[in-house]
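Here are the chains, one letter per residue:
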Amino acid sequence: FLVGAPNSKIEAAILEYIGVLGFSKSAYMPVSTKKFPGKTVGSCLTKSLNDIRAALAMAGIRIEKVSGTLKGLGGK
């Protein structure tokens, strides 16, 4: 997923909403790429995506796009 917020804010929002165990179960990882300057690309398990969406929404962070591949997010 593509988010216009820094990774530290994303991690804090997830930890606050679903806790340490939920964070671990979601397998969230930031993906390092230079194709999206000023944005963060994150990776998580598909079954946890709704929890991640809710956590970010509660923190006022908007997910711009969700895709299974980097190419699908708009990078080439």
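Residues numbered from 1 in each chain as written. Predicted model: local features only at pLDDT ≥ 70, side-chain atom pairs only at ≥ 80, totals over all residues. Heavy atoms only, no water.

Visitor: I'd like a description of unusual backbone geometry, backed by residues and values.
Guide: The residue Ala27 is not glycine, and still its phi comes out positive at about 60°. Note on placement: Ala27 falls in the loop between helix H1 (7–26) and strand S2 (29–31). (Helix = DSSP H or I, 4+ residues; strand = E, 2+ residues; numbered from the N terminus.)

Visitor: Give me the pattern of salt bridges: which residues, what numbers.
Guide: Summed over all chains, the structure comprises one salt bridge. Of the charged contacts, one joins Lys39 and Glu64 as a salt bridge, the two residues approaching to 2.7 Å between their closest N and O atoms. In this pair, Lys39 sits in the loop between S2 and strand S3 (40–43) while Glu64 sits in strand S4 (residues 63–65), placing the two residues 25 residues apart along the sequence. (Salt bridge = Lys/Arg side-chain N within 4 Å of Asp/Glu carboxyl O.)

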